[in-house]
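Coordinate inspection notes
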Amino acid sequence: MGKPKLTRPWLVGLTGGIGSGKTTVCELFSRLGVPVIDTDAIARDLVARDKPVLHAIVEAFGPDVVDAEGHLRRDHLRSLVFKDPTLRLRLESILHPPIYDELDNELRLLKAPYCVACIPLLLETGATKRVDRILVVDAPEALQIERVKTRDGTDQEDIQLIMNAQVPREARLAVADDVIVNDADLGKLQEQVKTLHHSYLDFLEHEFASPPQVMDN
Ligand code: ATP
């Protein structure tokens, strides 16, 4: 039997806690010519004014979740679901299926050996089976807090609340196929991204019949 063929780019699901460096790592992959899909951006598009997903949210949560112009009141919705796990599940059941459908659509349109999808809640949404490889960006918690404080001016307590609602760091590391340790400068981060990039390309070259198309670098 010959090697299997890739019918769409191999999918690396990138995840990590708040402020771990997901966006920064995605940018570094992107600079190497790797296509990157941002599921947060997909989610934002899906809930734009007049979109069916927004209508479904209004139906489930009531008219107060949109403002006078029909835009989603994110903070209001977030505070509702943050307090009540049942509501959170309800929102997730509305949002997650179309997010993953759109991810699949975008993936099929890409011409590349592999693609990185940034999925902050990969574990929380039980979507680990949807990706071919799990890449975790990991940083010490104190550094996560420092970086988010500097970036957003958010206070420590609020960052801690978000961290407490995310899966623990150990759970993420337990399912990781690869880990990028983001505990130093950007140069070290870039080195790790380059090494992984080449190991993914090597792996694909060996495992699949259709040779990956060449990417820059
Ligand atoms: P969030 O979960 O909030 O979306 P994230 O995981 O995408 O965050 P980033 O936005 O990439 O994290 O990084 C958090 C902040 O830390 C950013 O301001 C980023 O520029 C900075 N940062 C990330 N990694 C490093 C690093 N190695 N050295 C210096 N600054 C860094």
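Residues numbered from 1 in each chain as written. Predicted model: local features only at pLDDT ≥ 70, side-chain atom pairs only at ≥ 80, totals over all residues. Heavy atoms only, no water.

Our next topic: the site of the ligand. Close contacts around the ligand come from 14 residues, with K22, T23, T24, R151 and N182 the closest. S20 is positioned with one of its backbone polar atoms (N or O) 3.2 Å from an oxygen atom of the ligand. Contact with the protein chains removes 73% of the 630 Å² of surface that the ligand exposes when unbound. Mapped by element, the contributors of at least two residues to the shell around the ligand are α1 (22–31) and α6 (141–152). No other element matches the 3 residues that α1 contributes to the shell around the ligand. (Near = heavy atom within 4 Å. Polar contact = N/O pair within 3.5 Å; in protein donor to acceptor, adjacent residues only side chain to side chain. Areas by Shrake-Rupley, 256 points an atom, 1.4 Å probe, with all protein chains shown as cover. Helix = DSSP H or I, 4+ residues; strand = E, 2+ residues; numbered from the N terminus.)

Here the focus is the side chain of N182. Residue placement: N182 occurs in the loop between β5 (178–181) and α9 (186–207). Polar side-chain contacts of N182 include one of 2.9 Å to the backbone oxygen of S20.

Let's shift gears to the pairing of strand β4 (residues 133–138). Counting buried positions along β4 yields 5 of 6 residues, so the element is predominantly enclosed. As judged from the 5 bridges shared by strand β1 (residues 10–16) and β4, these two strands associate in the parallel manner. Residue pairing across strands places G13 opposite I134, the latter belonging to β4. Relative to β5, β4 runs parallel, the two sharing 4 bridges. Bridge pairing in β5 links L135 to D178. (Buried < 20%, exposed > 50% of the residue type's maximum accessible area, 1.4 Å probe, protein only. Pairing = 2+ DSSP bridges.)

Turning our eyes to something else, we now look at the packing of helix α4 (residues 74–83) against helix α5 (residues 85–109). Following both chains from N to C, one finds α4 and α5 inclined at 125°, their axes separated by 5 Å at the closest point. As far as their axial angle goes, α5 and α4 are oblique. Residues L77, L80, V81 and K83 of α4 pack against P85, L87, R88 and L91 of α5. Residues of the contact of α4 with α5, tallied by class, amount to 6 nonpolar, no polar and 2 charged. (Axes fitted to C-alpha atoms, helices over the stretch in contact; angles between N-to-C directions. Parallel < 35°, antiparallel > 145°, perpendicular 65-115°, else oblique. Contact = heavy atoms within 4.5 Å. Nonpolar A, V, L, I, M, F, W, Y, C, P; charged D, E, K, R; others polar.)

Taken as a whole and assessed by the stated rule, the structure comprises 4 aromatic pairs. An angle of 65° between the planes, with centres 5.5 Å apart, marks the rings of W10 and Y200 as edge-to-face. Here the residue W10 occupies a position in strand β1, and Y200 occupies one in helix α9, the gap between them amounting to 190 residues. Across the pair, exposure class does not vary: W10 and Y200 are buried alike. A ring pair is formed by W10 and F203, whose centres lie 5.1 Å apart and whose planes are at 40°; its orientation type is tilted. (Phe/Tyr/Trp six-rings, centres within 6.5 Å; stacked < 30°, edge-to-face > 60°.)

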